[in-house]
Each structure stands twice: as C-alpha cells, then as structure tokens.
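Descriptive analysis of the structure
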Amino acid sequence: MKIAIIGAGNLGLAIAKGVLHTNGATTMYLTKRNTSEIKDFEKYGNVTVTSDNQEAVKRSDILVFAVQPGHFAAILEDVKDLLTENHVIISTITGFSIVKMEEIIGSNQYIIRSMPNTAISVGNSMTCLCSNQLGKKRIDLAKAIFNRMGHTLEIPEEQMQAATVICASGIAFWMRLIRATTQGAIQLGFDAKEAQELAMHTCNGAASLLIDSGSHPEEEIDRVTTPKGCTIEGLNEMEHQGLSSSLIRGIVTSFEKISQIRKG
Ligand SMILES: NC(=O)c1ccc[n+]([C@@H]2O[C@H](COP(=O)([O-])OP(=O)(O)OC[C@H]3O[C@@H](n4cnc5c(N)ncnc54)[C@H](OP(=O)(O)O)[C@@H]3O)[C@@H](O)[C@H]2O)c1
C-alpha cells in the first residue's frame, strides 16, 4: 500500500501512526507546508516528509486528505491533473461533500469520505465512511485502513452529519458522563484521581461488555439490578431526573445546530 497523507496535522499524524505501527504501508508520504516538526517520521525508513503535494500524489495510490476545510479545494485543484484511475481518494474533511469533490476532480475517481473521532489518536476511533458510486469498489480498503485505528461503519452520505453528532461530538458527551460519575465517586469518599480511574474503567468495561457479547444494554442492566436493590433505586432516580431524556434531547439539539450550520 503506497499511501500519502496530505495535511499531516493532528488527524493526519494519528492516521499515519496507526498505519505505520501496524506495518500497513510499503511507502508513506506525509505532507504539510512547514515540515520541520514532523521530520522525525523519516526514521521509519519508508516515510518521506515533504511540502510537495504533487510529488506525494504521483508516488502514492491511496491519498488521505486531512487539511482544514478552507484549504481543501485549492489542494485538490493543484493535484487533480495528476490523478489516475488507480488513485483512491479518502477525505477526512468535515462538511466537504462528495459532490463538491466531484466538481473539482470528476466523478470518475474512487472517492471516499471518512468521519473519525479524536480517539483515533489512541487507536480507538469510531469512524463512519461513505463513498461515491465508483468508491464503493474501494470501501473495503478504506475500512481496512481505519479498522487499524478502531471500528468502522459504512453509512449513506446523508447520515454523515448525524454521525458527526453521535461519534465526534459524542466524545464530549461521554466525557461529561464520566466526569459526573467521577464527581459522584468523590462525594462517596474517593480522591479525585481514584474517582476518575473508577469511572473511566467502568465506562470502558460497560462498552466492552456490549461489544464482546453483542447483547442489548438492558440485558446487562438486568444482570446487575437485584429486585429492591441499590442499583435499580439509583437508576430509577436518574431516570426520574431525566437522564435518558436529557441525553436524547441534547443529541437532537446538536443535530439541529449542525444542520443549521451546514445550511448557513
Ligand atoms: N481532529 C479530528 O479528530 C477530526 C475528526 C474528524 C474530522 N477532522 C477533519 O480533519 C481535518 C484536519 O483536522 P486536524 O485537526 O488534523 O487539523 P490540523 O491539525 O490543522 O491539520 C491540518 C494540517 O494541514 C496542513 N496543511 C495546510 N495547508 C496545506 C497544504 N497546502 N498542503 C499540505 N498540508 C497543508 C497543516 O500544516 P501546515 O500549516 O504546516 O501546512 C496542518 O498540519 C479537518 O478538515 C477536520 O474537519 C478532524
């Protein structure tokens, strides 16, 4: 796999590390305008660090674009004449539609959009993917790349905004739940560090239970709620105070906001 990461910033470098640490590239080009801070990556041997996007495109088959949205169109214009039928174009750019990409480079290219979240930096991102018609033939390749850094799901492009709320904003929502649990644990007598340790590892364990067993959350809840016990009493009090309802309303509010931003 000859891969180029065009825009080796936060996300681009997280993807680069995920691919390199799993020996996923025969060659890798990393590009940005100011290359001094990422020169170290050349220690991997098969990595070339450069500010020359055209060179990177010519020497690679898979092009992952991870620049800021405002830079993307100009970069695509700059490299479009170098694209061949072999190139697979993977964009991570939020809000830049497939149609907009096709307007610049044409529809006769494999085009894939990805929406990872910040947990990609620790190799555990939930990444949603969609593609143009031709790109469907390369979606498994894109999945294989992002599966090295977590879990992937192919969705229709119309759901990318909803996926942004659940998966990208979702990181913030889950952080708040972990923080609230931490605050509760401190009130019960744990010091702050221990409280966070208990909260985050319990959260991790709860997610792992569902991922490994494939069971529904209520099945796992049934396992830990004794009749007349403390868990059901606490859980019901949380629901009386609007736990599920406030989460659902928050998610819908975020979605309404992202939909307004896209229209504006
Ligand atoms: N961070 C996330 O978790 C996340 C999640 C989902 C989607 N995204 C999307 O991913 C994109 C990148 O996000 P980020 O957080 O990684 O941004 P970032 O850290 O600002 O990285 C963008 C990189 O692009 C480089 N760049 C700018 N102009 C360039 C050019 N002409 N040629 C090559 N490289 C160029 C910049 O370096 P120089 O200034 O040195 O050129 C910078 O390192 C954004 O569009 C964002 O919407 C990010």
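1. Here's the deal with the site of the ligand
Near the ligand, the surroundings consist of 26 residues, among which Gly7, Gly9, Leu11, Arg33 and Thr94 are the closest. Among the secondary structure elements, those contributing two or more residues to the shell around the ligand are helix 1 (10-21) and helix 3 (69-79). Across the shell around the ligand, the residue classes break down as 11 nonpolar, 13 polar and two charged.

2. Structural notes on helix 1
The end-to-end C-alpha distance of helix 1 is 16 Å, a good match for the 16 Å that 12 residues give at a rise of 1.5 Å each. Listed in full, the buried residues belonging to helix 1 are Leu11, Gly12, Ala14, Ile15, Ala16, Gly18 and Val19. At its buried positions, helix 1 is contacted by strand 1 (2-6), strand 2 (27-31), strand 4 (62-65) and helix 5 (139-147). Of the residues one or two after helix 1, Asn23 is the one with positive phi, at around 50 degrees.

3. Describing the sheet that holds strand 8 (residues 150-154)
Each strand in a sheet pairs with its neighbour through backbone hydrogen bonds, running either in the same direction (parallel) or in the opposite one (antiparallel). One open sheet holds the eight strands; their spatial order is 3-2-1-4-5-6-7-8, and the pairing between them is mixed. Each end of this open sheet is capped by a strand with a single partner; those strands are strand 3 (47-50) and strand 8. Going across the sheet, the axis of each strand differs from the next one's by a mean of 20 degrees, ignoring polarity.

4. A closer look at the domain arrangement of the protein chain
Splitting the protein chain by domain gives domain 1 (2-155) and domain 2 (163-263). Taken together, the contact pairs nine residues of domain 1 with seven residues of domain 2. By residue class, the composition of the side of domain 1 that touches domain 2 is five nonpolar, four polar and no charged.

5. As for helix 6 (residues 160-187)
Look at helix 6: 39 Å from first C-alpha to last across 28 residues, which is about the 40 Å you get at 1.5 Å a residue. Taken as a whole, helix 6 carries its principal kink of about 55 degrees at Gly170. Here helix 6 has its buried residues at Met160, Thr164, Val165, Ala168 and Thr182. Following helix 6 by one or two positions, Gly189 adopts a phi angle in the positive range, close to 115 degrees.

6. Topic: the nonpolar core
Grouped together as the largest cluster of nonpolar side chains are 45 residues, with contacts concentrated most on Ala4, Ile5, Ile6, Ile15, Leu63 and Val64. No other element matches the five residues that helix 1 contributes to this core. In this view, Ile5 contacts Gly12, Ile15, Ala16, Leu30, Val64 and Ala66; residues no more than four positions away in its chain are not counted.

7. Notes on the pairing of strand 2
The buried count for strand 2 comes to four of five residues, which makes it a mostly enclosed element. Following the backbone out of strand 1, through helix 1 and into the adjacent parallel strand 2, one traces a crossover that is right-handed. Relative to strand 3, strand 2 runs parallel, the two sharing four bridges. By the bridge assignment, Tyr29 is partnered in strand 3 with Thr48.

8. Quick notes on the packing of helix 3 against helix 4 (residues 98-105)
The N-to-C vectors of helix 3 and helix 4 enclose an angle of 35 degrees; their axes lie 9 Å apart at closest approach. As for the relative orientation of helix 3 and helix 4, their crossing is right-handed in sense. Contacts from Ala73, Leu76 and Glu77 of helix 3 reach helix 4 at Met101, Ile104 and Ile105. For the contact of helix 3 with helix 4, the per-class residue count stands at five nonpolar, no polar and one charged.

Calculation rules
- Residues numbered from 1 in each chain as written.
- Predicted model: local features only at pLDDT ≥ 70, side-chain atom pairs only at ≥ 80, totals over all residues.
- Near = placed C-beta within 6 Å.
- Helix = DSSP H or I, 4+ residues; strand = E, 2+ residues; numbered from the N terminus.
- Nonpolar A, V, L, I, M, F, W, Y, C, P; charged D, E, K, R; others polar.
- Expected span 1.5 Å × (residues − 1).
- Buried ≥ 20, exposed ≤ 12 C-beta atoms within 10 Å, placed from the backbone.
- Contact = placed C-beta atoms within 7 Å.
- Pairing = 2+ DSSP bridges.
- Axes fitted to C-alpha atoms, helices over the stretch in contact; angles between N-to-C directions.
- Domains from an automatic or database assignment.
- Bend = angle between axes of the 7 residues up to and from the residue.
- Core = buried A, V, L, I, M, F, W, Y, C linked by C-beta atoms within 7 Å.
- Right-handed = clockwise from strand over helix to strand, strands pointing away.
- Left-handed = near helix turned anticlockwise from the far one by under 90°.

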